[in-house]
Structures are given as structure tokens and as C-alpha cells.
Amino acid sequence: RNEVGELVRIVMLSNTNAIHFPYCIKKHFECDGHKMIDYFDSLYLSYELKASKPDDEIFLKLLEGEQVMPQECLFLDDGPRNIETASRLGFQTHLVLPGDDLYGIIEKYGIIY
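As the structure is a computational prediction, the values presented were derived from the model and not from experiment.

Peer 1: Which residues make up the side chain of K53, and what values do they have?
Peer 2: With respect to the helices and strands, the residue K53 is situated in the loop between α2 (46-49) and α3 (56-66). A distance of 3.0 Å separates a polar atom in the side chain of K53 from the backbone oxygen of L13. Looking at K53, its side chain comes within polar contact range of the side chain of D77, at 2.9 Å. Residues within four places of K53 in sequence aside, it is in contact with L13, S14, N15, I58, F59, F75, D77 and N82.

So this is what it looks like as C-alpha cells:
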């Protein structure tokens, strides 16, 4: 929820491929009895969308799929070029650095977990 109590959707926008992604799901997300759906409301995967970050096209497909305006979105990424594209398109952005506290970052933007 955000600071005014509205539900916030969490979506993944990932440059990945059909071979690597299932491995990453098992290693990083599906452990301790959890599933991907426990973390994300939607997945936007480059190999499915036939587009990849930092190209505008993948961001525009996410906006269309989620039916939101870019200024309604907070985009977190560890790639400066991806952040530049998202920012230029009107997204709120935050460049994630090694060791950053993601909970602190999302609280900074008024999201309550």
C-alpha cells in the first residue's frame, strides 16, 4: 500500500531468456515454500515481449499491460541506461546500488510494506 492506503502493484521488468529464467526463479524466488506470485503481480520478460531494456518499447509495453501512466510508476534498476530511459519516459526512478536497502528505498517513495 502507498501512504494513502491504495494498493500498490509490484511488477518485474526483466531482460532474460527462456533458458536462464526458470533457473533464476528456482534459485532466487521459489525457496522456503514461496512462489513467484508471492513477490510479483505481473512479469514482463524481454524474451516474451521481443523487446529489452533500455529500449523504449519494453517500457511502453509494460505501461500498456498495466494500464498506467509512467508518472504513476516507480522503476528500480541497477542499470544506469535503464534508469535514463525510464526517467526520460516519465517514470519515477531509483538507481539501485550494491548493498542498498530496498525496504528503505520503497519507504522513501511512500510505499508501506
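Peer 1: An account of the side chain of D77 is requested, with residue identities and associated values reported.
Peer 2: Its place among the elements puts D77 in strand β3 (residues 74-77). Among the polar contacts listed, one links the side chain of D77 to the side chain of N82, at a separation of 3.0 Å.

Peer 1: Before we move on, can you summarise the nonpolar core with the specific residues and values?
Peer 2: Counting 13 residues, the largest nonpolar core has L13, I58, F59, L62, F75 and F91 as its most contacted members. Broken down by secondary-structure element, the contributors of at least two residues to this core are α3 and α4 (80-88). For this core, the element with the highest residue contribution is α3, accounting for 4 residues. When near neighbours in sequence (up to four residues on either side) are disregarded, F91 contacts F59, L62, L63, P70, C73, F75 and A86. Counting 7 residues, the second-largest nonpolar core is a separate cluster that includes M12, F21, F29 and M36.

Peer 1: Tell me about unusual backbone geometry, residues and numbers included.
Peer 2: Of note, the bond from K53 into P54 is cis; its omega dihedral lies within 30 degrees of zero at 10°. Here P54 shows up in the loop between α2 and α3. Notably, K50 is not glycine yet its phi reads approximately 60°, a positive angle. Although it is not a glycine, Q67 sits at a positive phi angle of roughly 55°. If you trace the backbone, Q67 turns up in the loop between α3 and β3. By relative accessible area, which is 73% here, Q67 ends up exposed.

Peer 1: Residue-level account of the pairing of β3, with values.
Peer 2: Of the two faces of β3, only one is covered, namely that formed by F75 and D77; the face formed by L74 and L76 stays uncovered. Across 4 bridges, the pairing between β3 and strand β4 (residues 92-95) is parallel. The partner of F75 across the bridge, within β4, is T93. A crossover links β3 with its parallel partner β4, the connecting element being α4, and its sense is right-handed.

Calculation notes
- Residues numbered from 1 in each chain as written.
- Predicted model: local features only at pLDDT ≥ 70, side-chain atom pairs only at ≥ 80, totals over all residues.
- Heavy atoms only, no water.
- Helix = DSSP H or I, 4+ residues; strand = E, 2+ residues; numbered from the N terminus.
- Polar contact = N/O pair within 3.5 Å; in protein donor to acceptor, adjacent residues only side chain to side chain.
- Contact = heavy atoms within 4.5 Å.
- Core = buried A, V, L, I, M, F, W, Y, C linked by side-chain atoms within 4.5 Å.
- Buried < 20%, exposed > 50% of the residue type's maximum accessible area, 1.4 Å probe, protein only.
- Pairing = 2+ DSSP bridges.
- Right-handed = clockwise from strand over helix to strand, strands pointing away.

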